[in-house]
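# Descriptive analysis of the structure
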Amino acid sequence: MSASPLTLVVGQLLPPTVTNLTLLVVSFMLLLLGAEIFTNGVEWLGHRLGVSESATGSILAAVGTALPETMIPVIAILQAMTGSGSQEAADAVGVGAILGAPFMLSTIAMFLVGSSVLYFQSRRSFGAEMHFNEKATQRDLSFFLVGYTLAFLAAIITNELFGIAIGIILVLLYLVYLVRSLRSGELVESEELEELHLGEIVEGIGDRLASGGTGNHADNPNTALVVLQTLGALGIIIAGAHMFVGQTTWVSEEILNIPAAVIALLIAPLATELPEKFNSIIWISRDKDTLALGNISGAMAFQGTLPVTLGILFTSWDLSLAWGTTGFLNAFSAILAIVSGGILYLRARNVNEGNMSPYPFLVGGIFYVLFIAVLLYHVFVIGVTAAGAGH
C-alpha cells in the first residue's frame, strides 16, 4: 500500500513506531469526523432529492459508505485483468474483501446497533426499543438473503454458465431493489433535520465579512452546498478508512505478530466497515432508527448482489465445505451472514408497529465470536494461510 502524503510528513518528524500509532489515532478520528459530517449531509441530500427516509439510509448512505471496502476487490480484479497484478492476488484479496463486508454487516454491525440502543436508552425518546420502518427493513434483508444465497450456490455448483446466469440475476435483482426502495417510505421534513454543518460555517464567515449576513445556509441550504458537504465527508471517510486499514495491518504484523490470514479474513474487513457502524451509532443516539438500520441493511442488500457478482465472474470464488481450508472459512462466514440476516428478517416480520427489542440484534455478536474462534483454530492449530490449506 503506497504511503499517503500525511504518512510521509509525519514519518519525517517522528520515529516509525510513534508515526504508525499516531496515524492510527488520526485515521480513527478522521472516520469519526467523516461519519458526523456525512450523516448530517446525507439527510439533507435525501430531503433535497425528495427521497424517503428509508431510501436515504438504504441507498444514499449505504452505498456511499460501502465505497471503501468495495474498491478493494475492484482494484485487485482490475490489476489482474490489466496484468499489473496476479490472478492469485485477485482471488485472495477479492474473495476475502467481498465476503468480509456482508459478514461484518450482518454480525458485528447489527450487534453494535442493538448495543447502541441499550447504551443510549436514557436519552432516546424510544428508550430501549427500536422504532423503524419495518417494511423497508424486510425489503432490504429479503433482497440480501436471496442475492447472497444465490451467490453461495454459484460457488457450490461449479458451472461457468450457471455462474454467469447468477451474476446477471444479481445485477437485475439490485436494480429491482433500487426501484422498490425509491418508491417507498415517507419524506423527512426539514424541521426534523439539524442545521447543515457547512451552511453554519458559510454563515459564520459571511457574518464576519458582511454585516448584512449571507442568507440562511444552515436551516435552508441550497442543493450545491449539501452535495459539497456530502462528497467532502465521503472523501474524509475514504481517506480515513484507507489509512486505518494500513495502520491496523501494521499493528497486526509488527506488534501483535498476527498471521496474514487473520488480517485478510478479519481485520481489514472490520476496519473498512467502520463508516457504516459509526453512522448508525450516531443515528441511534438521535432517535433516527430507520436511517441507522437502513444504513446497514441497505449496505447488506448492495454487498449481497453487486460486489459478489464481481467475485463470481472474475475470481475463483473459493467457498468450500472442506474443513481446514481458506475456502471453508469463506463459506462459513457466508453461512453465518445468511443465518444472522435470516433471524433479523423473521423478527422484523413480526414487529409491533415498527417497535422492536434490540436483543435480536445481539445475536450477530455471538456469530462474530464463533467465527473468530473457528478462524483462530484454523490459523494456529491447523496452520491454514490466506493462500490455501493448512500444513
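Keep in mind the model is a prediction, meaning the values are calculated, not measured.

### With respect to the overall build of the protein chain
Regarding its fold elements, the protein chain presents 14 helices and two strands. Here the protein chain holds 391 residues, and the buried ones make up 52% of them. Within the protein chain, counting contacts between residues at least 6 apart in sequence, those at least 24 apart form 80% of the total. Accessible area for the protein chain stands at about 17,000 Å²; split by element, carbon and sulfur atoms hold 66% of it.

### Section: the packing of aromatic side chains
Summed over the entire model, instances satisfying the criterion amount to 12 aromatic pairs. Geometrically, the ring pair formed by Tyr 174 and Phe 302 is edge-to-face, given 5.6 Å between the ring centres and 70° between the ring planes. In this pair, Tyr 174 is assigned in helix H6 (residues 160-182) and Phe 302 in helix H11 (residues 289-303), connecting sequence segments 128 residues apart. Centroid distance Phe 332 to Phe 371: 6.1 Å. Interplanar angle 25°. Geometry classified as stacked. Placement of the pair is Phe 332 in helix H13 (residues 326-348) and Phe 371 in helix H14 (residues 363-382), with a sequence separation of 39 residues. Exposure remark for Phe 332: the relative accessible area of 16% places this residue in the buried category. Aromatic ring contacts, followed pair by pair, group Phe 103, Trp 323, Phe 328, Phe 332, Tyr 368, Phe 371 and Tyr 377 into a single cluster.

### Considering the pattern of salt bridges
A full pass over the atoms with the stated rule returns six salt bridges. One salt bridge connects Arg 286 with Glu 36, and the closest N-O pair in it is separated by 2.8 Å. You can see Arg 286 sitting in the loop between helix H10 (274-285) and H11 and its partner Glu 36 sitting in helix H2 (residues 16-49), a full 250 residues away along the chain. Under the relative-accessibility criterion, Glu 36 is labelled partly exposed at 21%. A salt bridge links Asp 289 to Arg 124; its shortest N-O distance comes to 2.8 Å. Taken together, the residues Asp 289 in helix H11 and Arg 124 in the loop between helix H4 (87-119) and strand S1 (130-131) connect sequence positions 165 residues apart. What makes Asp 289 buried here is its relative accessible area of 0%. Look at Arg 124 and you get buried, because its relative accessible area is 5%. Here the salt bridges share partners, and the residues they tie into one network are Glu 36, Glu 194 and Arg 286.

### Details of the packing of H6 against helix H12 (residues 306-314)
At their nearest, the axes of H6 and H12 sit 9 Å apart, and the two run at 165° to each other. Taken as axis vectors, H6 and H12 run roughly antiparallel relative to one another. Crossing of H6 over H12 shows left-handed handedness. In contact with Gly 163, Ile 164, Ile 166, Gly 167, Leu 170, Val 171 and Tyr 174 of H6, H12 contributes Leu 306, Val 308, Thr 309, Ile 312 and Leu 313. Each residue belonging to the contact of H6 with H12 can be placed in one class, and the counts come to nine nonpolar, three polar and no charged.

### Comments concerning the packing of H2 against H10
Relative to each other, H2 and H10 sit at 60°, their axes nearing to 9 Å. Looking at the two axes, H2 sits oblique to H10. H10 is crossed by H2, and the crossing has right-handed handedness. The segment H2 lies against H10, with Phe 28, Leu 31, Leu 32, Ala 35, Glu 36, Phe 38, Thr 39, Val 42 and Glu 43 engaging Leu 274, Pro 275, Phe 278, Asn 279, Ile 282 and Trp 283. The residue makeup of the contact of H2 with H10, split by class, is 11 nonpolar, two polar and two charged.

### Quick look at the confidence of the model for the protein chain
Chain-level statistics for the protein chain give a pLDDT mean of 83 and a share of 84% at 70 or above. Within the protein chain, helix H5 (residues 134-156) carries the highest mean pLDDT (94), whereas helix H1 (residues 5-13) carries the lowest (55).

### Some remarks on helix H7 (residues 197-209)
Over its 13 residues, H7 extends 19 Å from the first C-alpha to the last, a length consistent with the 18 Å expected when each residue adds 1.5 Å. Among all positions in H7, only Gly 199, Glu 203 and Gly 206 are buried. Taken down its axis, H7 places every buried residue within 65° of arc, on the same side. Among the exposed residues of H7, those pointing more than 90 degrees away from its buried face are Ile 201, Arg 208 and Leu 209.

The rules behind these values
Residues numbered from 1 in each chain as written. Predicted model: local features only at pLDDT ≥ 70, side-chain atom pairs only at ≥ 80, totals over all residues. Heavy atoms only, no water. Helix = DSSP H or I, 4+ residues; strand = E, 2+ residues; numbered from the N terminus. Buried < 20%, exposed > 50% of the residue type's maximum accessible area, 1.4 Å probe, protein only. Contact = heavy atoms within 4.5 Å. Areas by Shrake-Rupley, 256 points an atom, 1.4 Å probe, with all protein chains shown as cover. Phe/Tyr/Trp six-rings, centres within 6.5 Å; stacked < 30°, edge-to-face > 60°. Salt bridge = Lys/Arg side-chain N within 4 Å of Asp/Glu carboxyl O. Axes fitted to C-alpha atoms, helices over the stretch in contact; angles between N-to-C directions. Parallel < 35°, antiparallel > 145°, perpendicular 65-115°, else oblique. Left-handed = near helix turned anticlockwise from the far one by under 90°. Nonpolar A, V, L, I, M, F, W, Y, C, P; charged D, E, K, R; others polar. pLDDT = per-residue confidence, 0-100. Expected span 1.5 Å × (residues − 1). Arc of directions from axis to C-beta.

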